[in-house]
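Listed below are the residues making up each chain.
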Amino acid sequence: VQLQAFGGGLVQVGGSLRLSCAASGRTFEDYAMGWHRQAPGKEREFVAGVSWSGGAGTYYADSVTGRFTISRDNAKNTVYLQMNSLKPEDTAVYYCASGRTANIVVLTTNYAYWGQGTQVTVSS
């Protein structure tokens, strides 16, 4: 299974970025997908998740609710994270991950496969 995340970069406060994660090697639509992030000196944390294609449910960390939107395109085996109104505290390496089941989980340890990460830096 391979996950490749891209779309990170440097953006000013209040700006937007769209992250993408292309998956291969398993039946993409059968599993939940998630985005997580890790800032320097901090533990990796859950950001957003989307359930399998049949459920289409989403869930967000409180810190990004109302600003970030996760979505998936099963035809392209790709999951997206649209990030708006970015803040300096959103600066981190962002990782996409594929879940062990069809349902969203928050615990990072419950994800089976991980992408390589993409850096997001928000400057003030």
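Below is a summary of the structure that appears in this document. Everything quoted here is computed from the prediction, not taken from an experiment.

## Overview of the pairing of strand 9 (residues 92–99)
The two faces of the sheet receive side chains in turn, since in a regular strand these alternate between them.
Part 1 of the reasoning: For strand 9, the tally of buried residues reaches seven of eight residues, placing the bulk of the element in the interior.
Part 2 of the reasoning: Two strands pair when backbone bridges link them, and strand 9 and strand 11 (residues 118–123) are joined in this way by three bridges, in the antiparallel orientation. Bridge assignment links Val93 to a residue of strand 11, and that residue is Gln119.
Part 3 of the reasoning: Where strand 9 and strand 10 (residues 111–114) come together, three bridges link them in antiparallel fashion. What sits directly across from Ala97, in strand 10, is Trp114.

## Things to note about the state of the cysteines
Part 1 of the reasoning: Under the defined criterion, the tally for this structure stands at one disulfide.
Part 2 of the reasoning: Residue pairing for Cys21: its cysteine sulfur links by disulfide to Cys96, the two sulfurs lying 2.0 Å apart. One disulfide, between Cys21 and Cys96, carries an S-S torsion of 55 degrees and so falls in the right-handed class. With Cys21 in strand 3 (residues 17–24) and Cys96 in strand 9, the pair connects residues that are 75 residues apart, well separated along the chain. Here Cys21 and Cys96 have matching classes, each one buried.

What counts and what doesn't
Residues numbered from 1 in each chain as written. Predicted model: local features only at pLDDT ≥ 70, side-chain atom pairs only at ≥ 80, totals over all residues. Heavy atoms only, no water. Buried < 20%, exposed > 50% of the residue type's maximum accessible area, 1.4 Å probe, protein only. Helix = DSSP H or I, 4+ residues; strand = E, 2+ residues; numbered from the N terminus. Pairing = 2+ DSSP bridges. Disulfide = S-S within 2.5 Å.

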